[in-house]
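Report on the structure
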Amino acid sequence: MSTVTRGITQQRGISRRDFVGGLGAVATTLGLARAAAAQAPRPIHLVGWTFGVPFVQEVLAEFEKRTGRRVNYGNLPWAQYHDGMVAKFVGKAPLDVVYVSDADLAAWAEAGWLAPIEEFPEVRAYREELLPSALEAMTYKGKLYGLPYYTDYMAFVYNEEMLRRAGFEAPPATWDELVRQALVIKQKGIVDAPLLLHLEATTWMIEVLYALVYSRGGRLFDDRLEPVFDRADSAALETLHWLIEARERHRILSPGALETGEIAGLKAFSGGQAAFYLTGRYRLKDLNTPATSQVAGKVKLALMPRGRAGKHQTVGWTRFYGMTAAAAADPERKAGAWQLIQYLGGRNAAGVYEVPKKFFQFAWLGFAARPLFRDPEVKALLGQYADAALQERQHGLALPKDGLKVPWFTEWDQFNRVAWQKAILRQTDPLTALRSSADKWRSLRRV
Amino acid sequence: MGVDVLVARPVPAPAWRREAATGHLFVAPALLVLVALDVYPILYALWVSLHRVSLKYPGDRPFVGLRNYLDYFASDYFWSSVQHTLVFVVASVSLTTLVGLAVALVLHQSFRGQALLFAVVLIPWAVPSVVNGLMWKWIYNSSYGSLNGVLWSLGLIDRYQVILGDPHRAMAALVNAFVWREVPLVAILLLTALKAVPEDLDKAARADGANAVRRFLHVTLPNIRTGFLLVLLYETMLTLRTFDLVYVLTEGGPGDATSVISWYTYSETFRNLNFGRGAALAYLIAVATFAVATWYLRLLAPPGKRAR
């Protein structure tokens, strides 16, 4: 009988007992897997903008090896970073550590997406070792929001060979002198448009505008965060008139400046299409490396030309690793996020700013950790692509963007780019453009 | 005394009601999905558009009524983007339809290599919109773009020209990039309509001595009218909502020369974090699209059935 029954059940496929037994096995396996997963530390979610991805992956692999914690690393192109991150924050995507631009800090902190790192005991030591300008850039309403990824400034670079061919032994010290030199370079047929600026309406445009205004001794906002650029005697108006003249009267400004982004500008300058260029200091490495530049070895750093009231000032910025508020709300995630932030932007167990040094060696990204200035390897590399003393001098003249510490800065920046472009294109009178930009700022402040 | 107890027997529901109930049961899951994915977001967006929802101030969402809408009507930037949108829509739809019709007419003829030409014509349509934008961005580049290279090699220009940095050329460049990608689809749709035109009509017109132009105007065109209007409807709705191409190619610039309304909506929402104002703008686009669609659909109806 039992044989018959067995035979019948075999024909049907699986017996009830087998089925229940199977379910039990699956449940046990799932339970064990879950228990194992619960014991293993959760991965840390890191998102940044796309830069040196294989290098970052190597750095993170080292972190994973040392700590046993996994890092889920994602990246978005810089041009889409702000918008992509907003979508991620709003969509409550898993984020623990994120790259933050100083321009976004106020808005992201105000939106409740970032958490300050004040409570960690190591912060006090970092405050003593990091450059004050970088600390200031990472601080909002008196609280520190991260550790530096890199800090740098807008540099004035020139093609030494082109200047020599035009008969100049030294780079221009003032903007008027730059016009004179550019006209000679143009007349001699060395290049058609000697001055290259990337004025495409992207996030880089504001850095160029600030550098041009600061170098004339001007500001955009006063200490009460009131716009001063819309005054008839402002450095901003002087800058705008100078840009229009350079483009239309002297024809020394690259005609495609308004459609040229940072990368396109870099390619054009490294292709020998201009004699003068404003770019991030760290780009001097690419510009003076034969594999990436046709003018390698000819590109030199000079102090930012100055206006009548200027002292060669320029604009500086800091990008940093910030902790998300979501991570800070969970003790385990918070601990993991802080561990990663310290590894990337702080000191290692031996007290060395290891990863910032690696980033400097890899891409010449500026660092904010003062002890690194005393590191012999760093010192040697600092002078490899540009005069080290000059870099130090220009760094000392780099000012943070005034007006940054308000949540509407990015929104105003969007509007301001359009206003400046329309003025440069002569679609609007320069003073009207600046006044409309100032009105926008005031209207945003009222909201 | 005996009591008669009447026991009420349940009366079975009529067959049609049972059928209807079963029908509703079957439709219910799809309806739930529709409500969750379409109706709820539409109503939520309306709610958002009536409030000041800004991620810069997440804790503060006051009701502002129609202020988000009214602010736009008072904004120069809004009217300027409406103007740019109209230019983009009219130029893109006209060119796409005309070029698409010309291509369809060529493909409608029998000749050697027709199949190969058909395959070649389809290529642009296979290119994703974002890739299309990136490709044209390289082509138009004023320093190393291939368009400048070709024109210079042919001796048509003596120096490289600025395209995306010039307000007038930028809009033309945007339209061109859109037309290049959309022509194949329009050509296929119109070719299908052409294939449905009875050959007898053409033969009869030919026998009556009508030349090619007259045959096209009086025989072909009236018979492809429906297909033609469908193409116009689809392309108009598409151009009104075009955002990806603008995002990749010009970001609304230079200045605000190519800032069409869909770009403005994106910028307001995701860059400026004003979700309330962004939702209001999205509603305005939806209303405009709906109005255009209704107008086209009225045109589509046969003359005798048009609502007066």
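Residues numbered from 1 in each chain as written. Chains lettered and ligands numbered in written order. Predicted model: local features only at pLDDT ≥ 70, side-chain atom pairs only at ≥ 80, totals over all residues. Heavy atoms only, no water.

1. A short note on unusual backbone geometry
A cis amide bond links Gly 253 of chain B to the next residue, Pro 254 of chain B, at an omega of 0°. For Lys 141 of chain A, which is not glycine, the phi torsion reads 50° and is therefore positive. Position of Lys 141 of chain A among the secondary structure elements: in the loop between β5 (139–140) and β6 (143–144). Notably, Arg 426 of chain A is not glycine yet its phi reads approximately 65°, a positive angle. Note on placement: Arg 426 of chain A falls in the loop between α19 (409–424) and α20 (430–446). (Helix = DSSP H or I, 4+ residues; strand = E, 2+ residues; numbered from the N terminus.)

2. Some words on the domain arrangement of chain A
All names here are of chain A. Taken domain by domain, chain A comprises domain 1 (44–152 + 317–386) and domain 2 (153–315 + 399–446). Here domain 1 and domain 2 have C-alpha centroids that lie 28 Å from each other. Listed by partner, the interface residues are 25 residues for domain 1 and 23 residues for domain 2. At the boundary of domain 1 with domain 2, total buried surface from both sides reaches about 2,100 Å², with 58% on carbon and sulfur atoms. A per-residue breakdown of the area domain 1 buries against domain 2 is headed by Asp 152, Trp 317 and Tyr 385, which together make up 32% of the total. Across the contact surface, domain 1 and domain 2 share 4 salt bridges. Put simply, Lys 401 and Asp 102 hold a salt bridge, and the shortest N to O gap is 3.8 Å. Run the count over domain 1 and domain 2 and you get 9 residue pairs in polar contact (both at pLDDT 80 or more). At the level of secondary structure, the elements contributing two or more residues to the side of domain 1 that touches domain 2 comprise α4 (78–90), α5 (105–110), α7 (132–137), β5, β7 (146–159), β11 (314–324) and α16 (354–363). (Domains from an automatic or database assignment. Contact = heavy atoms within 4.5 Å. Buried area = accessible area lost by both parts, 1.4 Å probe. Salt bridge = Lys/Arg side-chain N within 4 Å of Asp/Glu carboxyl O. Polar contact = N/O pair within 3.5 Å; in protein donor to acceptor, adjacent residues only side chain to side chain.)

3. Brief notes about the packing of helix α12 (residues 261–271) of chain B against helix α13 (residues 275–300) of chain B
Residue and element names in this part refer to chain B. Put simply, α12 and α13 touch, their axes get as near as 7 Å, and they point 160° apart. Here α13 runs roughly antiparallel to α12, going by the angle between their axes. The chirality of how α12 crosses α13 is left-handed. Along the contact surface, α12 presents Ile 261, Ser 262, Tyr 264, Thr 265, Glu 268, Thr 269 and Phe 270, while α13 presents Phe 275, Arg 277, Gly 278, Leu 281, Ala 282 and Ile 285. (Axes fitted to C-alpha atoms, helices over the stretch in contact; angles between N-to-C directions. Parallel < 35°, antiparallel > 145°, perpendicular 65-115°, else oblique. Left-handed = near helix turned anticlockwise from the far one by under 90°.)

4. Side note on the packing of aromatic side chains
Residue and element names in this part refer to chain A. This structure, assessed with the given rule, holds 58 aromatic pairs over all chains. Measuring from centroid to centroid gives 4.0 Å for Phe 221 and Trp 441, while their planes differ by 35°, and the two rings are tilted. A residue pair is termed long-range when its members are at least 10 positions apart, and Phe 221 in the loop between α10 (205–214) and α11 (235–249) and Trp 441 in helix α20 qualify at 220 residues. We note that Phe 221, like Trp 441, is buried. Cation over ring: Arg 281 sits above Trp 364, and NZ or CZ is 4.6 Å from the ring centre. Just above the ring of Tyr 126 sits the side chain of Arg 347; from NZ or CZ to the centre is 5.3 Å. (Phe/Tyr/Trp six-rings, centres within 6.5 Å; stacked < 30°, edge-to-face > 60°. Buried < 20%, exposed > 50% of the residue type's maximum accessible area, 1.4 Å probe, protein only. Lys NZ or Arg CZ within 6 Å of the ring centre and 35° of its normal.)

5. Some details on the interface of chain A and chain B
A common measure of how large an interface is: the accessible area buried when the components associate. Each side of the interface is counted separately: chain A has 34 residues, and chain B has 34 residues. Both sides of the chain A and chain B interface together cover about 2,800 Å² of buried area, and 51% of this is carbon and sulfur. On inspection of chain A and its partner chain B, the count reaches 4 salt bridges. A salt bridge links Asp 83 of chain A to Arg 271 of chain B, with the nearest nitrogen and oxygen atoms 2.8 Å apart.

6. Focus: a nonpolar patch on the surface
Together, Phe 26, Val 27, Leu 31, Val 35, Val 39, Leu 43 and Leu 46 of chain B make up an exposed nonpolar region whose accessible area comes to about 630 Å². The topology assignment puts Val 39 of chain B in helix α1 (residues 15–49). (Patch = residues over 30% accessible without salt bridge, like charges linked within 9 Å, V, L, I, M, F, W, Y side chains within 5 Å. Areas by Shrake-Rupley, 256 points an atom, 1.4 Å probe, with all protein chains shown as cover.)

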